[in-house]
Amino acid sequence: MALVVVVALVVSRPTTSHPAPAADGLGATPPMGWNSWNHFGCDVDAELVERTADAMAANGMQRLGYTAVNVDDCWMAPQRDPRTGELVPDPVKFPQGMAAVADYLHARGFTLGIYEDSGTETCAGFPGSLGHERLDARTFARWGVDTLKYDNCNHGGLTSTSQYIARYRAMSDALRATGRPIFLAICGWGVNHPWTWARGIGQSWRTTHDIKDSYASMLAIFRQNVQLAAYAGPGGWNDPDMLEIGNGGMTPTEQRTEFTLWAAMAAPLIAGADLRTLNPDDLAIYSNAEAIAIDQDARGAQAVPVSQNGTPAGTGGLWVLSKPLADGSRAVVLFNSTDSPQTMSTTASAIGLRGATFGIRDVWTGTEASNSGAISAELAPHEAAFLRITAQTP
Ligand code: GLA
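Figured I'd write up the structure that's included with this text. Predicted model only: the values in this text are computed from it and were never measured.

### Some words on the nonpolar core
Moving on, step 1. Grouped together as the largest cluster of nonpolar side chains are 88 residues, with contacts concentrated most on Trp75, Phe222, Phe259, Trp262, Tyr286 and Phe386.
Moving on, step 2. For Trp262, the contacting residues outside a window of four places in its chain are Ile211, Met218, Ile221, Phe222, Pro240, Asp241, Met242, Leu243, Ala267, Pro268, Leu269 and Asp295.

### Here we look at helix H2 (residues 46–58)
Moving on, step 1. Its 13 residues give H2 an end-to-end C-alpha distance of 18 Å, which sits within 8% of 18 Å, the value for a rise of 1.5 Å per residue.
Moving on, step 2. All buried positions along H2 are accounted for by Ala46, Leu48, Val49, Glu50, Thr52, Ala53, Ala55 and Met56.
Moving on, step 3. The inward-facing, buried residues of H2 abut strand S2 (32–35), helix H1 (37–40), strand S3 (68–70) and helix H3 (98–107).
Moving on, step 4. Remark: Gly60 follows H2 within two positions and exhibits a positive phi of approximately 95 degrees.

### Description of the sheet that holds S3
Moving on, step 1. A sheet is described by the order of its strands in space; here 8 strands give the open sequence S8-S7-S6-S5-S4-S3-S2-S9, paired in parallel fashion. Unpaired on one side and paired on the other, strand S8 (237–239) and strand S9 (269–271) mark the two borders of the sheet. Mean inter-strand twist for the sheet, computed between neighbouring axes without regard to direction, equals 25 degrees.
Moving on, step 2. The pairing of S2 with S9 spans 3 bridges and is parallel. Paired with Met32 across the strands is Leu269, a residue of S9.

### Focus on the packing of helix H4 (residues 133–143) against helix H5 (residues 161–178)
Moving on, step 1. The interhelical angle for the contact between H4 and H5, taken along N-to-C directions, is 45 degrees, at an axis separation of 8 Å. When the axes of H4 and H5 are compared, the pair comes out oblique. When the axes of H4 and H5 are compared, the crossing they make is right-handed. Within the contact between the two elements, H4 uses Glu133, Arg134, Asp136, Ala137, Arg138 and Ala141 and H5 uses Ala170, Met171, Asp173, Ala174, Leu175, Ala177 and Thr178.

### A look at the site of the ligand
Moving on, step 1. Around the ligand, the neighbouring residues are Trp37, Asp72, Asp73, Tyr115, Cys123, Lys149, Asp151, Cys187, Trp189, Arg206 and Asp210.
Moving on, step 2. At 3.3 Å from an oxygen atom of the ligand is found a side-chain nitrogen or oxygen belonging to Arg206.
Moving on, step 3. At 2.5 Å, a side-chain N or O of Asp210 approaches an oxygen atom of the ligand.
Moving on, step 4. Protein burial of the ligand: of its 310 Å² of free accessible surface, 93% is covered by the chains.
Moving on, step 5. Counted by class, the shell around the ligand contains 5 nonpolar, no polar and 6 charged residues.

### Observations regarding the layout of surface pockets
Moving on, step 1. Quantified by volume, the largest pocket comes out at close to 520 Å³.
Moving on, step 2. Along the walls of the largest pocket sit 32 residues, with Pro31, Ala68, Thr147, Phe183 and Ile270 positioned nearest its centre.
Moving on, step 3. Sorting the residues of the lining of the largest pocket by element identifies S2, S3, strand S4 (111–117), strand S5 (147–151), strand S6 (183–186) and strand S7 (204–206) as the ones contributing at least two each.
Moving on, step 4. Among the elements that make up the lining of the largest pocket, the one with the highest residue count is S4 (3 residues).

### Digging into the state of the cysteines
Moving on, step 1. Tallied over the entire structure, the rule returns 2 disulfides.
Moving on, step 2. Between Cys42 and Cys74 runs a disulfide, and the two sulfur atoms are separated by 1.8 Å. Of this pair, Cys42 sits in the loop between H1 and H2 while Cys74 sits in the loop between S3 and H3; the two residues are 32 residues apart in sequence, bridging distant segments of the chain.
Moving on, step 3. Assessed through its relative accessible area of 1%, Cys74 is described here as buried.
Moving on, step 4. Bridging Cys123 to Cys153, the disulfide has an S-S length of 2.1 Å. Here Cys123 and Cys153 share a disulfide; its torsion about the S-S bond, 95 degrees, makes the bridge right-handed.

### Some remarks on the sheet that holds strand S12 (residues 330–336)
Moving on, step 1. Strand order across the open sheet formed by 6 strands is S10-S11-S12-S17-S14-S15, with antiparallel pairing between neighbours. Both edges of this open sheet fall to strand S10 (304–305) and strand S15 (368–371), since each of them pairs with a single strand only.
Moving on, step 2. Here strand S14 (residues 357–362) runs beside strand S17 (residues 384–393); their pairing, made up of 6 bridges, is antiparallel. Considered in S17, the bridge of Ile360 is made with Ile389.
Moving on, step 3. Here helix H6 (residues 215–225) sits on the sheet and contacts strand S11 (318–324) and S12; the angle it forms with S12, its principal contact strand, is near 130 degrees.
Moving on, step 4. Across the sheet, helix H7 (residues 252–264) is in contact with S11, S12 and S17; its angle to S17 comes to roughly 45 degrees.

### A closer look at H7
Moving on, step 1. Given a rise of 1.5 Å per residue, 13 residues ought to cover 18 Å, and the 18 Å separating the end C-alpha atoms of H7 matches this to within 8%.
Moving on, step 2. Across the 13 residues of H7, 10 count as buried, placing the element largely inside the fold.
Moving on, step 3. Among all positions of H7, only Glu254, Gln255, Thr257, Glu258, Phe259, Thr260, Leu261, Trp262, Ala263 and Ala264 are buried.

### Some details on the pairing of S17
Moving on, step 1. Here 6 bridges tie S12 to S17, and the two strands are oriented antiparallel to one another. Paired with Val332 across the two strands is Leu387, which belongs to S17.

### Concerning the environment of Leu321
Moving on, step 1. The topology assignment puts Leu321 in strand S11.
Moving on, step 2. For Leu321, a relative accessible area of 0% puts it in the buried group.
Moving on, step 3. Sequence separation between Leu321 and Gly248 is 73 residues, and the spatial gap between their C-alpha atoms is 27 Å.
Moving on, step 4. Those residues within four positions of Leu321 in sequence are excluded, and the remaining contacts are Phe222, Val226, Leu261, Ala264, Ala303, Val304, Pro305, Val306, Ala331, Val332 and Val333.

Criteria and thresholds
Residues numbered from 1 in each chain as written. Predicted model: local features only at pLDDT ≥ 70, side-chain atom pairs only at ≥ 80, totals over all residues. Heavy atoms only, no water. Core = buried A, V, L, I, M, F, W, Y, C linked by side-chain atoms within 4.5 Å. Buried < 20%, exposed > 50% of the residue type's maximum accessible area, 1.4 Å probe, protein only. Contact = heavy atoms within 4.5 Å. Helix = DSSP H or I, 4+ residues; strand = E, 2+ residues; numbered from the N terminus. Expected span 1.5 Å × (residues − 1). Pairing = 2+ DSSP bridges. Axes fitted to C-alpha atoms, helices over the stretch in contact; angles between N-to-C directions. Parallel < 35°, antiparallel > 145°, perpendicular 65-115°, else oblique. Left-handed = near helix turned anticlockwise from the far one by under 90°. Near = heavy atom within 4 Å. Polar contact = N/O pair within 3.5 Å; in protein donor to acceptor, adjacent residues only side chain to side chain. Areas by Shrake-Rupley, 256 points an atom, 1.4 Å probe, with all protein chains shown as cover. Nonpolar A, V, L, I, M, F, W, Y, C, P; charged D, E, K, R; others polar. 1 Å grid on protein atoms, 1.4 Å probe; cavity = no way out; pocket = protein on both sides within 12 Å on 5 of 7 lines; lining within 4 Å. Points joined across faces, edges and corners; volume = space filled by probe spheres on them. Disulfide = S-S within 2.5 Å.

Have a look at this one:
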């Protein structure tokens, strides 16, 4: 990937505004961590959760901000406790119970995430929370749970938008009533446009169906999520699902592209891989501190697609994205989603910056340039350039 500086332009553009942050302080920045589902499915237990946290402490990910350790479906026993009605952890998978796992994680600076469903059963057929929201929220709070991913299977025909809102609000209210701050990750797969109603109910909302470990799936999800920039901001984030980096279904270039796009979109950075055995190249992608800083930027704006010379953003599979950052600079992505090499370009004015000279820093190579103009990059198929552009002189 080569950076070529072309010409100076000094027109200013309005920057994106985004919604006001939530009062409870949850989700001020997109969550970062790990979730068991995409790599392990139902094969979860306390040992996996704790060894994953150990790996994140040892490999440096925790220091970079990956502190959420989230167990997904299949942690439960098949029945509620017949005496109390409470959810019961699978006694073989979690022999000491969930509070012990929470204690282990908290003692090491991690948080515990758990999974439930807003219907009668989870997607894998374990007891759901519909009608049990107060009790289940109290159980989670007592165990020391910090995040709840709340799914959408077996909803018994409660499919209208107002019924979705009621199902998710019931758990949201129940969590608040416990007095423990618990991040609510709404997992309604984008059905009924949660970005229009979920802010204030949860702190993130899945915008699409499940990601698969392939470039085609990642691209399809990006194309949906990238349209929703107006709805993201501190306290509520669009969630395009987990990072597949390390699962083997994408090339190194495609994996780096996923990380670039997710960071530019201020998405939750939740690794869906086996972090105990991550190879150094995949770990390096997860560990790009400059990309993480862009994702976590305090302004909390999601990158907007930039149109080029009158053609809508994404035309021909070529995407330019611009994310305004708290210090006034811009993160810029030039993404060649096509199957052939492409030269792509944009300008300082097109990405909303005003000035005469600009600093251009390549987030992946660390290359710095200082110049007065448009930026272009030669990109391999499926490659994305990730740049931080700063106006240096007015
Ligand atoms: C749904 C969710 C996934 C995962 C599974 C678990 O498909 O979207 O992310 O939680 O359920 O069964």
